[in-house]
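Examining the three-dimensional arrangement
Spelled out from the first residue to the last, the chains are:
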Amino acid sequence: MTARLCGHLVTRSVAAVAIPFGLPIDTTMPPLAVRLVDGDSVSGIRYLVPGAQGTYRFEGVSRDGSRRVSVRWPITSDPARPIPAGAADSLIEAAVTPNPYMLDSALQSLRLGSSESHRDLSALPPADSARAVAMPLVRDFPDQPFLLSDACPQATILLPVLARVDQKLRVPVRPGDRISARALQAVGTVQLSFDEAPPATTLPTVREARPEASFTAPDSGRVTLRVRVQVVPRVQPVEQHIVISVGRTPARRDGRT
């Protein structure tokens, strides 16, 4: 669930297909009014669960990555004014009590006490489980923000790729941060590289696989992970979905990792 949640936060996606349910579910109806909520202490995704026992739900993580935060709050609507099927999010939000934006605001101002716990979340997931936790990236852009942070230093996505049309993931970094990436693909080859890295001593051939790449950032800013798929004729489809895992390991500071 945390892996899926970080997929939302890192890509800034509100696709309901991958909502990370952390609390018990008592309905099969899809979540409504999905929105990202960012506060001083927590960041996460909220949604409304319809039904007779309608609820406002929030799934998030503390800014330092030490805690998961799950909130559930009952909501009601006026039975004399039913919400039509397919209503816009703004209409749904205006029709329920308490107002979801009021609850969003309460979470944004939430203050968490200090925590001594620390989890190293930057390691990439094992290959046999990466596809299961991959968050579908549904935006059709070749240049994608991939906002790794202290709360979510690693995320796995299912990336749609066309042969010979590069996809680029833009990752924020601080000096000394090491970015590691790995691609999983069933058929054919995929090549990963960082635009900011020095030129390779030997360039890959057209069909040579390079499913892993890493780069240590010398300065603050963003680095660009380039994803390129090569096609093996009569074997590999032109359009594919590639599982990409990317992690950020911070530089040592104050004598600690």
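So, a few notes on the structure that sits alongside this text. (Residues numbered from 1 in each chain as written. Predicted model: local features only at pLDDT ≥ 70, side-chain atom pairs only at ≥ 80, totals over all residues. Heavy atoms only, no water.)

Here the focus is the environment of Leu158. Mapped onto the elements of the fold, Leu158 is located in strand 9 (residues 154–162). A relative accessible area of 23% places Leu158 in the partly exposed class. Distance in space between the C-alpha atoms of Leu158 and Arg131 is 7.6 Å, their sequence separation being 27 residues. When sequence neighbours within four positions are dropped, the list of residues in contact with Leu158 reads Arg131, Ala134, Met135, Pro136, Leu137, His241, Ile242 and Val243. (Helix = DSSP H or I, 4+ residues; strand = E, 2+ residues; numbered from the N terminus. Buried < 20%, exposed > 50% of the residue type's maximum accessible area, 1.4 Å probe, protein only. Contact = heavy atoms within 4.5 Å.)

Bridge analysis of strand 1 (residues 32–38) against strand 2 (residues 42–49) gives five bridges, and the strand direction is antiparallel. Paired with Val37 across the two strands is Gly44, which belongs to strand 2. (Pairing = 2+ DSSP bridges.)

So, about the side chain of Ser13. In this fold, Ser13 is placed in the loop between helix 1 (2–11) and strand 1. Judged by relative accessible area, which is 5%, Ser13 ranks as buried. Leaving out residues up to four positions away in the same chain, Ser13 has contacts with His8, Leu36, Ile45, Met135 and Arg139.

It is worth spelling out the state of the cysteines at this point. Overall, the coordinates contain one disulfide when judged by the stated rule. Linked covalently through their sulfurs, Cys6 and Cys152 form a disulfide whose S-S length is 2.1 Å. Given an S-S torsion of about -75°, the disulfide between Cys6 and Cys152 has left-handed geometry. Of the two residues, Cys6 is situated in helix 1 and Cys152 in the loop between strand 8 (143–145) and strand 9; the sequence distance between them amounts to 146 residues. (Disulfide = S-S within 2.5 Å.)

The subject of this paragraph is the pattern of salt bridges. Considering all chains together, one arrives at 14 salt bridges under this definition. As a salt-bridge pair, Arg35 and Glu93 come within 2.6 Å of each other at their nearest N and O atoms. You can see Arg35 sitting in strand 1 and its partner Glu93 sitting in helix 2 (residues 89–95), a full 58 residues away along the chain. Note that Arg248 and Asp177 form a salt bridge whose closest N and O atoms lie 3.6 Å from each other. Placement of Arg248 in strand 15 (residues 239–249) and of Asp177 in the loop between strand 10 (167–173) and strand 11 (178–184) is noted, with a sequence separation of 71 residues between them. For the pair Arg248 and Asp177, one class covers both residues: buried. A single network of salt bridges, built from pairs that share partners, joins Arg35, Arg46, Glu93 and Asp104. (Salt bridge = Lys/Arg side-chain N within 4 Å of Asp/Glu carboxyl O.)

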